[in-house]
Amino acid sequence: MTIDDVRALAAGLPRSYEVVVRGRIKFRVGQIVYLAFSEDETQLGFAFPKEEREAALGTYPDKFLRPKPSDLRFQWLEVRLEAIDEAELRELVFDAWRMVVPKKLASLSDDELQQRAVS
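So, how was this worked out
All residue numbers refer to positions counted from 1 along the written sequence of the respective chain. Side-chain atom pairs in this predicted model are given and counted only at pLDDT of 80 or more, local residue features only at pLDDT of at least 70, and totals for whole chains, interfaces and linings cover all residues. As a convention, hydrogens and water are excluded, and side-chain values are obtained from all of the structure's heavy atoms. The rule is simple: take the accessible area with a 1.4 Å probe, protein chains only, and divide by the maximum for that residue type; under 20% is buried, over 50% is exposed, in between is partly exposed. Secondary structure counts use DSSP, requiring at least four H or I residues in a row for a helix and at least two E residues in a row for a strand, with both numbered from the N terminus. The rule for pairing is simple: two strands pair if DSSP sees at least two bridges between them. Whether two aromatic rings pair depends on their centres lying within 6.5 Å, for rings of Phe, Tyr and Trp, where Trp uses its six-membered ring; planes under 30 degrees apart make the pair stacked, over 60 edge-to-face, and the rest tilted. To define a nonpolar core, start from buried Ala, Val, Leu, Ile, Met, Phe, Trp, Tyr and Cys residues and group those joined through side-chain atoms within 4.5 Å. Residues are treated as being in contact if the distance between any of their heavy atoms lies within 4.5 Å.

1. Observations concerning the pairing of strand S2 (residues 24–29)
Regular strands have side chains that alternate between both faces of the sheet.
Move 1: With five of six residues buried, S2 lies mostly within the body of the structure.
Move 2: In this sheet, S2 lies alongside strand S1 (residues 16–21) in antiparallel orientation, the contact comprising six bridges. By the bridge assignment, Val19 is partnered in S2 with Lys26.
Move 3: Once S1 ends, the chain turns through two residues before running back antiparallel as S2, passing Arg22 with a positive phi of about 50°.
Move 4: Relative to strand S3 (residues 32–37), S2 runs antiparallel, the two being bridged by four bridges. Bridge pairing in S3 links Lys26 to Ala36.
Move 5: A loop of two residues connects S2 with S3, the two strands running antiparallel in sequence, and Gly30 in this loop sits at a positive phi of about 65°.

2. Some details on the packing of aromatic side chains
Here a ring pair, both rings aromatic, is described through the centre-centre distance and the interplanar angle of the planes.
Move 1: Taken as a whole, this structure holds three aromatic pairs when the rule is applied.
Move 2: Consider the rings of Phe46 and Phe48, whose centres lie 5.7 Å apart with planes at 85°: the pair is edge-to-face. Here Phe46 matches Phe48 in class, with each residue buried.
Move 3: Relative to Phe64, the ring of Phe46 has its centre 6.2 Å away and its plane inclined at 50°; by these criteria the two rings are tilted.

3. Description of the nonpolar core
Move 1: Counting 34 residues, the largest nonpolar core has Tyr34, Leu35, Phe46 and Trp97 as its most contacted members.
Move 2: Residue assignment for this core shows that the elements contributing at least two residues are helix H1 (3–10), S2, S3, strand S4 (43–47), helix H2 (50–59), strand S6 (76–80) and helix H3 (86–98).
Move 3: Sequence-distant contacts of Leu35, defined by excluding residues within four places in its chain, comprise Val6, Ala10, Ile25, Lys26, Phe27, Leu44, Gly45, Phe46, Trp76, Val93 and Ala96.

Fair warning: the whole summary comes from geometry, so function is off the table for now.
Printed below as a string of structure tokens:
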């Protein structure tokens, strides 16, 4: 998966917008970052429940990476983009977005969100 694949999904999400911070591409809702690329764009950090992080890391060590120590206090996880497919990327992006939007928006189905994705 690539940055363009992520852009296609995130661009159509309500209230989502792209920014560049210190040379890194990030996606926000308001001031809250829910997706952030590594400098080389091979890894994607995303909003993820802290209480589920260790389970994801233990179950899929080939896909997921622990955030840097300063980010462990946040609800955050990182993924190797080469290790996931389109369906997994869609789930990660949509779920991360749902963590930072109001409940009314978060209740939109994956099908409704997919329809908003840029083709």
